[in-house]
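Structural overview for review
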Amino acid sequence: MSLYSYVMNRNCTRSDNKRDAGLTTPDDVVRYNGISYGPHRKWNILELYVPKEAQKPLPLIVSIHGGGYVYGTIKTYQFYCMSLAQRGFAVINFNYRLAPKYKFPAPLEDTNAVMQWAADNAEQYGLDMNNVFMVGDSAGAQLLSQYAAMWSDKEYAKLFGITPPDFRLAAVGLNCGMYDLPSLVTDKSMKYLKADYLGKNARPDDPRYDVFAHIGGSYPPAYLLSSEGDFLRDKLQPMLELLRSRGIEAEGKIYGTAETYHVFHVNLRDPYFEQANADQTDFFKKYIRA
């Protein structure tokens, strides 16, 4: 493990444990734990959260957690994901293989395996695969922006040996993210992140990295959010403009103050948590088809 990975895991574990201290499963949410979705027994585990007494089938949100590709688990996103379930959605919260042990494109392969599990088990759990939404933050937002490109451009997906299952990706939530993957290769300030996730010999001209080239008319509508204190705040507007320039319906908003930090929207105690998630899920609901 690199020093980057070690420090990321240590600092984030402390911060997330403090953030979620004392939180419990809400009374109005049913949770299904420990579901295996793939061949990697340690990593390929998901949880499903469903609002109690809701009429099924339910629109589905799939969450791709952040953590710089080296950190993050079901545990650190459970309360955020259950809060989304309280808004009338079934929600999948999953682990994926992390760097530096597993490198690109392992998280994308695992994301596709989750979507295949959802498609295969939709009837059992009452999931509406015609109304699927996905959210991702930080590194998870980058992964989601890329997976959405693979879903909408099957030729791009073939570069990875991935075949997305049959479902309608109605809209996505790109939150506090970095989206220009080739810059991860060329930016010297991110050399440790590059080495851990892409490998030391990664080249910026690898066609798999060029997500922007595969964002077109079939790309799903997107709601982008960030905060005034987010260190990735300046990444929102260029991505928003790119999406709109390609004819994609997209909205974006920066919340809070300079003290509203990165991925604030997953912190149930943040003063802007409610507004940000209400805005994003209201955006999603505009794209639900009967």
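Scroll up for the structure.
Residues numbered from 1 in each chain as written. Predicted model: local features only at pLDDT ≥ 70, side-chain atom pairs only at ≥ 80, totals over all residues. Heavy atoms only, no water.

1. A look at the overall build of the protein
Helix and strand counts for the protein stand at 9 helices and 8 strands. Relative to the globule expectation of 19 Å for 290 residues, the C-alpha radius of gyration of the protein, 18 Å, shows essentially globular dimensions. Each principal axis of the C-alpha atoms in the protein carries an extent, and together these give about 50 × 40 × 40 Å. Each of the 290 residues in the protein was classed as buried or not, and the buried ones make up 58%. When contacts within the protein are restricted to residue pairs at least 6 apart in sequence, long-range pairs at least 24 apart make up 74% of them. (Helix = DSSP H or I, 4+ residues; strand = E, 2+ residues; numbered from the N terminus. Rg over C-alpha atoms; globule rule 2.2 N^0.38 Å. Buried < 20%, exposed > 50% of the residue type's maximum accessible area, 1.4 Å probe, protein only. Contact = heavy atoms within 4.5 Å.)

2. Section: the nonpolar core
Most often, soluble globular proteins have nonpolar side chains that are buried together. With 72 residues, the main nonpolar core has Y69, I92 and L127 as its most contacted residues. Counting residues per element, this core draws most heavily on helix α4 (residues 139-152), which supplies 9 residues. Apart from the residues lying within four places of it in its own chain, the contact partners of I92 are L46, E47, L48, L60, I61, V62, S63, V114, W117 and A118. L84, V91, V266 and F283 belong to the second-largest nonpolar core, a separate cluster that totals 30 residues. (Core = buried A, V, L, I, M, F, W, Y, C linked by side-chain atoms within 4.5 Å.)

3. Comments concerning the pattern of salt bridges
Scanning the entire structure with this criterion turns up 13 salt bridges. Salt-bridge contacts for D205 lead to R203; the nearest nitrogen and oxygen are separated by 3.2 Å. You can call D205 exposed: its relative accessible area is 52%. Judged by its relative accessible area of 54%, R203 falls in the exposed class. Bridged by salt links that share partners, the residues D16, R19 and D20 form one connected network. (Salt bridge = Lys/Arg side-chain N within 4 Å of Asp/Glu carboxyl O.)

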